[in-house]
Amino acid sequence: RMHTPRTPASSPPPPPHRLRIAMDSEEPMESDGTPTPDREDQRILERLIAQQKEECPRIFKQLQTCGRKEGHWIWWVCPTEMPGLCDPIESYVTRETVPGLFGEGTGEEEWKKVLELICDLLEEKGMDVLPEIDHGRIHYFIKFWKGLDDLPDWMPSCIQRFDKFDWPPR
């Protein structure tokens, strides 16, 4: 999948999976009327969950040790509808796949610990605990997740904590 770099003044282009859905005349629906995640979205979700399970324990230790983010992992901890330009697994989430990130068989507990530690570090040390290159990702992470309902209680709390800071859209 090719992604064009964004310029600071532009808004993000529509996610590639949304372009596919817009071209479909009839979107499959669940029995409750919500759209069914397409196969590609589901495959990406499974890769993201596997990555969170594998990487979040290491990320947590690194944050505890260094007191700031080092390395390349923000896409797996702050997923949005847009894959990161350098994300090796090209992960993203959709409104339809978000529920799959929570509950049994996911990396929810490890992911929660990382997000809460980032919030603690932000509140203690400020925005510099995350490199400037990640600030735009955080802006869109907040924007995406604030618009979702039916999340575990801890997630809106983390989003509110992130939202106390002025993250530029980049």
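Here, every reference points to the structure presented above.
Counting restarts for each chain: residues are numbered from 1 in the order of the written sequence. Given that the model is predicted, a residue must reach a pLDDT of at least 70 before its local features are reported, and side-chain atom pairs must reach 80 or more before they are shown or counted; all residues, however, enter totals for whole chains, interfaces and linings. With hydrogens and water stripped out, all remaining heavy atoms of the structure feed into the side-chain values.

Even after reading the chapter, I still don't get the side chain of T106, so can you show me in this structure?
Runs of H or I in DSSP of at least four residues are treated as helices and runs of E of at least two as strands, each being numbered from the N terminus. Relative to the elements of secondary structure, T106 occurs in the loop between α3 (74-77) and α4 (108-125). Polar contacts, as used here, are pairs of N or O atoms within 3.5 Å; protein pairs need one atom able to donate a hydrogen and one able to accept it. Residues neighboring in sequence count only if both atoms are side-chain atoms. Separated by 3.4 Å, the side chain of T106 and the backbone oxygen of L101 make a polar contact. A distance of 3.1 Å separates a polar side-chain atom of T106 from the backbone nitrogen of E108. Setting aside residues up to four positions removed in sequence, T106 forms contacts with I49, K53, G100 and L101. Throughout, a residue-residue contact means that at least one pair of heavy atoms, one from each residue, lies within 4.5 Å.

How should the packing of α4 against helix α6 (residues 154-162) be read in this particular structure?
Two quantities define a packed helix pair, namely the angle between the axes and the distance from one axis to the other. Comment: axis = line fitted to C-alpha atoms, over the contacting stretch for helices; angle = value between 0 and 180 degrees taken between N-to-C directions. It is at 10 Å that the axes of α4 and α6 come closest, and there the two elements cross at 25°. Between α4 and α6, the angle falls in the class roughly parallel. You can see that α4 and α6 cross each other, and the crossing is left-handed. Residue-level contacts link E108, W111, K112, L115, E116, I118, C119, D120, L122 and E123 of α4 to W154, M155, C158, R161 and F162 of α6. Residues are sorted three ways: Asp, Glu, Lys and Arg are charged, Ala, Val, Leu, Ile, Met, Phe, Trp, Tyr, Cys and Pro are nonpolar, and all the rest, Gly among them, are polar. Residues of the contact of α4 with α6, tallied by class, amount to nine nonpolar, no polar and six charged. Our angle categories are set so that under 35 degrees counts as roughly parallel, over 145 as roughly antiparallel, 65 to 115 as roughly perpendicular, and the remainder as oblique. By the definition used in this description, the sense in which the near helix is turned from the far one sets the handedness, with an anticlockwise turn below a right angle giving left-handed and a clockwise turn giving right-handed.

Would you take a moment to explain the side chain of T97 for this structure?
Position of T97 relative to the elements: it lies in the loop between α3 and α4. Given the relative accessible area of 2%, T97 is considered buried. Within the structure, T97 has its side chain in polar contact with the backbone nitrogen of T94 (distance 2.8 Å). For each residue, the accessible area found with a 1.4 Å probe, counting protein chains only, is set against the maximum for its type, and the residue is called buried under 20%, exposed over 50%, and partly exposed in between.

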